Structure formats: structure tokens, C-alpha cells
Amino acid sequence: MEIWKPIKGYENRYWISSEGRVRRASYVDTIGRTKKERILRATVSGNGYEKVGLTKNGVKATKLVHRLVGEAFLENPENLPMINHKDENKRNNNAENLEWCDSTYNNNYGTCSYRQARTKGRKVAQFLPSGEFVCDYYSIMEASRRANVSAGSICQSLTLGKPTNGFLWKDTKEVKVYA
């Protein structure tokens with residue numbers, strides 16, 4: 001069941017719902033036009049979070065929807081600074097999907113390490129000394145764990161271009177097969 005609460009600092013003007021929707025109250029603007037109550041359409045910020053524009057006394061402010069939901073619906077007895085999306089979907093702003101946390105917890109939550117390796121890792125491919133392709137990986141650390149070869153050995157093979165621990169390793173720009 002969707003529950004509505006006034007947005008702090010914007011009481012009697014805007015409400016936030018437990019499902020992450022923002023509603024504007026009806027009002028008369030500065031030139032006498034009546035504006036009807038309506039649900040605001042959220043836009044997506046550059047980093048993937050939903051945001052809405054709120055106005056108070058002629059001053060416009062952009063607010064992140066998940067922060068509005070958290071401030072209205074989630075207890076924060078430890079005064080934690082961040083809100084985590086439990087399902088890692090930045091656009092799922094349902095109160096049940098959100099939790100207050102600190103930056104360490106938020107940065108290490110769920111598939112964070114996997115996603116970072118995919119975007120920031122040094123992609124490598126594993127070959128037999130004969131040149132036969134074995135597998136490729138999103139990062140040296142992933143290759144080390146999955147192939148049971150030290151990261152140092154992989155780096156040495158990459159640097160020298162010679163097999164170490166029975167495998168030859170090469171840099172690759174694109175990972176073709178994820179094993």
C-alpha cells in the first residue's frame with residue numbers, strides 16, 4: 001500500500017510516497033493561475049539516480065528521489081550519511097528496497113567488486129604454451145582466483161611474454177568468453 005508523507009522543508013507543497021513517487025499540491029502561481037495537484041515526472045541524473053525539481057519561495061532545488069524516500073520513511077538512529085539500494089537498481093526507490101549506510105558499506109555492497117573489475121580491470125586472456133586459447137577474464141585478480149595462478153605470475157607473463165605456471169597471458173581489449 002502506497003503511503004504519502006510531506007517532504008521535509010516543503011510541507012504543504014510536495015509529498016513523497018513509500019514507492020518513490022513525488023506529488024505536488026495544487027496552488028495559485030504568482031500571476032494568479034491555478035495549478036492542479038499532480039505527480040511529478042522524475043528524470044535520471046548522469047550517474048543513474050532519479051531526481052526531481054522542487055520549488056520553494058521561487059528557489060528551485062534538485063532532489064534525489066531515494067534520499068527523499070529515505071528521509072521520510074527510514075529510521076536512521078545512527079545518523080548514517082548514505083542510502084543503499086538493496087537490489088542495486090538505482091531507479092527502484094521503494095522504501096523497502098532502501099537502507100541507510102556508511103560509504104564503506106555502500107561501496108562494497110553486492111556486486112560492486114565485480115562491476116568495478118569489468119569497467120576498470122586489466123582484461124587478460126589465458127593461453128596454453130602451444131598458443132591454444134583457454135579463457136579470458138575481466139581483470140588480473142579474477143584470472144588469479146579462477147585459474148588458481150598468482151597475480152604476480154600473470155603480471156610476469158604479461159611483461160616478459162613468456163609462459164609462467166604453464167600458461168601464457170596476454171592483454172586483451174575485449175573479453176570474448178566469460179568462463
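The structure this text deals with has already been given above.
One structure accompanies this document, and this report is about it. Counting of residues starts from 1 at the beginning of each chain's written sequence and follows it residue by residue. With pLDDT at 70 or above as the cut-off, local features in this predicted model cover only qualifying residues; side-chain atom pairs require 80 or more to be listed or tallied, and sums for whole chains, interfaces and linings still use all residues. Just so you know, side-chain values use all the structure's heavy atoms and leave hydrogens and water out.

### Considerations on the environment of C101
No. 1: For helices the rule is a DSSP run of H or I covering at least 4 residues; for strands it is a run of E covering at least 2, with both sets numbered from the N terminus onward. With respect to the helices and strands, C101 occurs in strand β11 (residues 98-101).
No. 2: Type-normalised accessible area, obtained with a 1.4 Å probe on protein chains alone, sets the label of each residue: buried when under 20%, exposed when over 50%, and partly exposed for intermediate values. The buried category is assigned to C101, whose relative accessible area is 3%.
No. 3: As a C-alpha pair, C101 and M82 span 19 residues in sequence and 5.2 Å in three-dimensional space.
No. 4: Contacts are residue-level and defined by heavy atoms, with any inter-residue pair within 4.5 Å sufficient. Excluding residues that lie within four positions of it along the chain, C101 makes contacts with L80, P81, M82, I83, N84 and N106.

### Describing the state of the cysteines
No. 1: For the purposes of this analysis, a disulfide is any pair of cysteine sulfur atoms at a distance within 2.5 Å. Applying the stated criterion across every chain, the model contains zero disulfides.
No. 2: Between C155, a free cysteine, and C135, which holds the nearest cysteine sulfur, the sulfur-to-sulfur gap is 17 Å.

### As for the nonpolar core
No. 1: Residues enter a nonpolar core if they are buried and are Ala, Val, Leu, Ile, Met, Phe, Trp, Tyr or Cys, with the set joined through side-chain atoms within 4.5 Å. Grouped together as the largest cluster of nonpolar side chains are 18 residues, with contacts concentrated most on I7, Y14, I16, V22, L54 and V69.
No. 2: In terms of residue count, helix α1 (residues 65-73) provides more of this core than any other element does, five residues in total.
No. 3: Setting aside residues up to four positions removed in sequence, L54 forms contacts with I7, Y10, Y14, V22, L40, V59, K60, A61 and K63.
No. 4: The next biggest cluster of nonpolar side chains, apart from the first, holds 11 residues, and it includes I140, A147, L158 and W169.

### Points about the sheet that holds strand β3 (residues 22-24)
No. 1: Here the rule is simple: two strands pair whenever DSSP picks up at least two bridges between them. The four strands are arranged β1-β2-β3-β6 in an open sheet whose pairing can be described as antiparallel. Of all strands in the sheet, those with a lone pairing partner are β1 (4-6) and β6 (38-39), marking the two edges.
No. 2: Pairing geometry for β1 and strand β2 (residues 14-17), over three bridges, is antiparallel. For P6, the partnering residue across the bridge sits in β2 and is W15.

### Some words on unusual backbone geometry
No. 1: Phi at N79 is positive, roughly 55°, even though this residue is not glycine.
No. 2: Checked against the element boundaries, N79 lands in the loop between α1 and β10 (82-85).
No. 3: On the accessibility criterion, N79 (65% relative accessible area) is exposed.
No. 4: For N148, which is not a glycine, the phi torsion comes out positive at approximately 55°.

### What to know about helix α5 (residues 151-160)
No. 1: For α5, the complete set of buried residues consists of S153, I154, S157 and L158. Each buried residue of α5 sits inside an arc of 140° when the element is viewed along its axis, so together they form one side. With respect to the buried face of α5, the exposed residues turned more than 90 degrees away are T159 and L160.
No. 2: After α5 finishes, the residue G161 shows a positive phi value of roughly 70°. Each C-beta atom gives one direction from the helix axis, and the arc is the one those directions make.

### Quick notes on the pairing of β2
No. 1: Neither face of β2 is exposed, since Y14 and I16 on one face and W15 and S17 on the opposite face are all buried.
No. 2: As defined by bridge partners, β2 adjoins β3 across three bridges and the pair is classed as antiparallel. The residue of β3 that forms the bridge with Y14 is R24.
No. 3: Counted along the chain from β2 to the antiparallel partner β3, the turn is four residues long, and its residue G20 has a positive phi close to 90°.

### Examining the packing of aromatic side chains
No. 1: Ring geometry is summarised as follows: Phe, Tyr and Trp rings, the Trp one being its six-membered ring, pair when their centres sit within 6.5 Å, and such pairs are stacked at plane angles under 30 degrees, edge-to-face over 60 and tilted between the two. Applying the stated criterion across every chain yields a total of four aromatic pairs.
No. 2: Measuring from ring centre to ring centre gives 5.7 Å for F127 and F133, while their planes differ by 70°; the resulting arrangement is edge-to-face.
No. 3: Look at Y137 and W169: their rings are 6.0 Å apart centre to centre, the planes differ by 40°, and that puts the pair in the tilted class. With Y137 in strand β13 (residues 133-137) and W169 in strand β14 (residues 168-171), the pair connects residues that are 32 residues apart, well separated along the chain. Of the two residues, Y137 and W169, both sit in the buried class.
No. 4: Joined through ring pairs, the aromatic side chains of Y137, F167 and W169 make up one cluster.
No. 5: It is R23 that lies over the ring of W4; its NZ or CZ is 4.5 Å from the centre. Whether a charge sits over a ring depends on NZ of Lys or CZ of Arg being within 6 Å of the ring centre and within 35 degrees of the ring normal.

Read these as layout, nothing more, since geometry by itself doesn't imply function.
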